[in-house]
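Residues per chain, in single letters:
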Amino acid sequence: MIIIYQLIIRHADLFYPHRALFIPHIINSLHKLGPGLNPNAEGLIISLDILDVMRKWEDKMRQIKEGTLMDEDGPSDETPEWVTPLHFREAVISFLTRASCTIPDPNTRSAGVGRALTLMRNFLRLPAWSDVNFKLDYFRKVLCEVRQLIFFLITSTHCSLLLQTEYAKETAPTIVATARVLNVVCTDRPDLWFLQNGAILQKLIQKGMTSEDPLLHETLYPIVDRLLALYPLPKEDEESSHPEMAEFHSFVHDTITEYLKSPSGIRSSILMLKSVAQHSPERVELYAAALMKLLSKLTRDHAAASDIRSPEYEGTVRLIMMTLKICQNAASFASEQRRTYLASLMLLVEKSNSPHLCQFLLDMARDWALVKRDAYPTMKEKAMLLQKMATFETRGLELFNQFLELIYDIYSQASLRRSELTSRLEPAFMLGCRSKDTSLRERFMDLLDSSIPRSLMSRLTYILAVQSWDSLSDHNWIYLALDLLLSSVDVEMPLSASPNVLFAQTASPMAQSIANSTIRDVVRPMRRLLFYDIPKNGTLKVP
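In this text, all values refer to a predicted model and were calculated from it rather than measured experimentally.

1. What about the side chain of E381?
Phase 1: Mapped onto the elements, E381 comes out in helix 18 (residues 379-388).
Phase 2: Engagement of the side chain of E381 in a polar contact is seen with the backbone nitrogen of T378, the distance being 3.0 Å.
Phase 3: Contacts of E381, omitting those with residues within four sequence positions, involve L342 and Y376.

Put into structure tokens, the structure is as follows:
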């Protein structure tokens, strides 16, 4: 049998017109090759290979029916009309489920589980397989019958009950694999399917989401998010419009409330609160106090961390980013909580060495400055955060240049000109005038030049009496003052007062070029070269 299957695998297209004769035999013999009491790696690989051939046949039949692929073998009595019966399709999904969950050999597991899950996902995405009826009760034994430990969480203000899922290390791979299969089954399902199966799905995800395993959290979270989208968390003083999901709503509320205070359940509570903020943003305020305390703690831990390459460090970064996303609509928070939020942001900007987190903070600041026009954060608070981002100069040129681009965009936006924000960001603007990026620096200098009257007296007044050079005190800034003075010249004047008389006696190309030149042709290159006229020690010596 294995030899015949190998022949079909090598010549799948050749056997496609006669698939109706082979598919029943293939499905009926799967139990002899796949997971069972004594599975072997070779049998599993052969079974997955032959099922992959079957998947290709199904996809080819779909393309022929849709007209996107021509049947090279011509019309046939059995090929176009024959469709894999429902009980055969259910048998394939059942086999792939067992192959993904019950493989005791670690070597076989690493080679087969991922492929079995991929095959299941590809089968279920086929339109002809959308009616496959999957019995969710199959997951109850593994995902629901897990031991839970009861803790009493005692704080300075109250004592609360805390449930935590615990399982043996030997069973952990099976539990995670089963959760992944459930994730594949639920992916791409219509809303109606979730509405019909919401009662059992809410039970399947509860113990996994209260465990300490981040893999379980990541695997089950899409299901939780989908349920919260269809069954939003009701307001505190309202009854749920879906009584059958009251247990689920109570679970989400209790888990968020208690796990935000527990060091072992932070990830689970943040993931759930992320979905609540997305689908029921008005409910976030209820958890604002505990959320701000958590953000403050995560920020301090992140700032004090020394090993930036450790998994714990990256885990903390992800938690901080999720928490900040939840707090994006913090305008409804109390003033004390908003102060905590802003203080955490300032500390992160100043101390964080994570490129991903710094980029996230910069994107958030861009949204604050250029998009949002809410009362909170105020212009003063926006300016404080942006000024603190000048410290990005020590964390990479690319990040610092993106910060300068943001400053330039703020000053270029007409609605923000001469606003409180731009007046407070003048030190950051001056940093752009000394940028090492030539193109960026020239854009800043041109913007500064266009904002000052061109008369020589106005320029001297600006340089000596108006502008504060403290932000550039550690750098050579004389080039910028000279640039402003040179740009006051009328650059449209000819370079020579009488070019025709002066060069009438010569036909030299250089002489003709000078005769046709203006002051702009000399002054503009001089202005650009002034930046590079820096003493070797980086400072100016004033006699």
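Read on for the rest.
2. A closer look at the pattern of salt bridges
It is possible for side chains of opposite charge to pair when their charged atoms get near one another.
Phase 1: The full count for this structure, using the stated rule, is 18 salt bridges.
Phase 2: In this structure, K203 engages E247 in a salt bridge whose closest nitrogen and oxygen atoms are separated by 3.1 Å. In this pair, K203 is assigned in helix 10 (residues 191-209) and E247 in helix 12 (residues 246-259), connecting sequence segments 44 residues apart.
Phase 3: Judged by relative accessible area, E247 falls into the partly exposed class, the value being 40%.
Phase 4: One salt-bridge network, in which partners are shared between bridges, spans D52, R55 and K56.

3. Considering helix 9 (residues 172-186)
Phase 1: Here helix 9 contains 15 residues, and its C-alpha end-to-end distance of 21 Å stays within 8% of the 21 Å for a straight helix at 1.5 Å per residue.
Phase 2: Burial runs high along helix 9: 12 of the 15 residues are buried.
Phase 3: Listing the buried residues of helix 9 in full gives A172, I175, V176, A177, T178, A179, V181, L182, N183, V184, V185 and C186.
Phase 4: One or two positions beyond helix 9, positive phi appears at D188, with a value near 70 degrees.

4. Notes on the layout of surface pockets
Using a probe with the size of a water molecule, rolled over the atoms, empty space left in the structure can be pinpointed.
Phase 1: For the largest pocket, the calculated volume is near 570 Å³.
Phase 2: Every residue lining the largest pocket is counted, 17 residues in all, and those nearest its centre are Y411, R418, E426, L448 and S451.
Phase 3: Elements that contribute at least two residues to the lining of the largest pocket include exactly helix 20 (420-424), helix 21 (426-432), helix 22 (438-450) and helix 23 (456-466).
Phase 4: Split into classes, the residues belonging to the lining of the largest pocket amount to 9 nonpolar, 5 polar and 3 charged.
Phase 5: The volume enclosed by the second largest pocket comes to roughly 480 Å³.
Phase 6: Every residue lining the second largest pocket is counted, 19 residues in all, and those nearest its centre are P263, E312, G315, T316 and L319.
Phase 7: Put simply, the parts of the chain that give the lining of the second largest pocket at least two residues each are helix 11 (214-230), helix 13 (266-279), helix 14 (288-304) and helix 15 (311-326).
Phase 8: Here the lining of the second largest pocket takes 7 residues from helix 15, the largest share from any one element.
Phase 9: Among the residues making up the lining of the second largest pocket, the classes are represented as 8 nonpolar, 5 polar and 6 charged.

5. As for the environment of L464
Phase 1: The topology assignment puts L464 in helix 23.
Phase 2: Separated by 17 residues in sequence, L464 and A481 place their C-alpha atoms 9.3 Å apart.

6. Regarding the nonpolar core
Phase 1: Ranked by internal contacts, the top residues of the largest apolar core, which has 153 residues, are L96, L136, L182, L201, L324, Y341 and M389.
Phase 2: If one sorts the elements of this core by residue count, helix 17 (residues 355-370) sits on top with 10 residues.
Phase 3: If sequence neighbours within four positions are ignored, L201 has contacts with L136, L182, C186, W193, F194, I223 and L227.

Conventions adopted
- All residue numbers here refer to positions counted from 1 along the written sequence of the relevant chain.
- Thresholds applied to this predicted model are a pLDDT of at least 70 for local features of residues and 80 or more for the giving and counting of side-chain atom pairs; totals over whole chains, interfaces and linings are not thresholded and use all residues.
- Side-chain figures throughout are based on the complete set of non-hydrogen atoms in the structure, without hydrogens or water.
- A helix here means a DSSP run of H or I that spans at least four residues, while a strand means a run of E at least two residues long, and both kinds are numbered starting from the N terminus.
- Pairs of N or O atoms within 3.5 Å make up the polar contacts considered here, provided that, within protein, one atom can donate a hydrogen while the other can accept it, and that residues adjacent in sequence are counted only when both atoms are side-chain atoms.
- Two residues qualify as a contact provided that any one of their heavy atoms is within 4.5 Å of a heavy atom in the partner residue.
- Salt bridges are counted wherever a side-chain nitrogen of Lys or Arg sits within 4 Å of a carboxyl oxygen of Asp or Glu.
- Per-residue accessibility, obtained with a 1.4 Å probe over protein chains only, is compared with the maximum for each type, and a residue is labelled buried under 20%, exposed over 50%, and partly exposed between these values.
- Multiply 1.5 Å by the residue count of a helix minus one, and that product is the helix's expected span.
- Cavities and pockets were defined on a 1 Å grid built from protein atoms only: a cavity is a group of points that admits a 1.4 Å probe but offers it no way out, a pocket is an open group of points flanked by protein on both sides within 12 Å along at least five of seven lines, and a lining residue is one with an atom within 4 Å of any such point.
- Grid points are joined across faces, edges and corners, and a volume is the space filled by probe spheres set on the points.
- For this classification, the nonpolar set comprises Ala, Val, Leu, Ile, Met, Phe, Trp, Tyr, Cys and Pro, the charged set comprises Asp, Glu, Lys and Arg, and every other residue, Gly included, is treated as polar.
- We define the nonpolar core as a collection of buried residues of types Ala, Val, Leu, Ile, Met, Phe, Trp, Tyr and Cys that are connected through side-chain atoms lying within 4.5 Å of one another.

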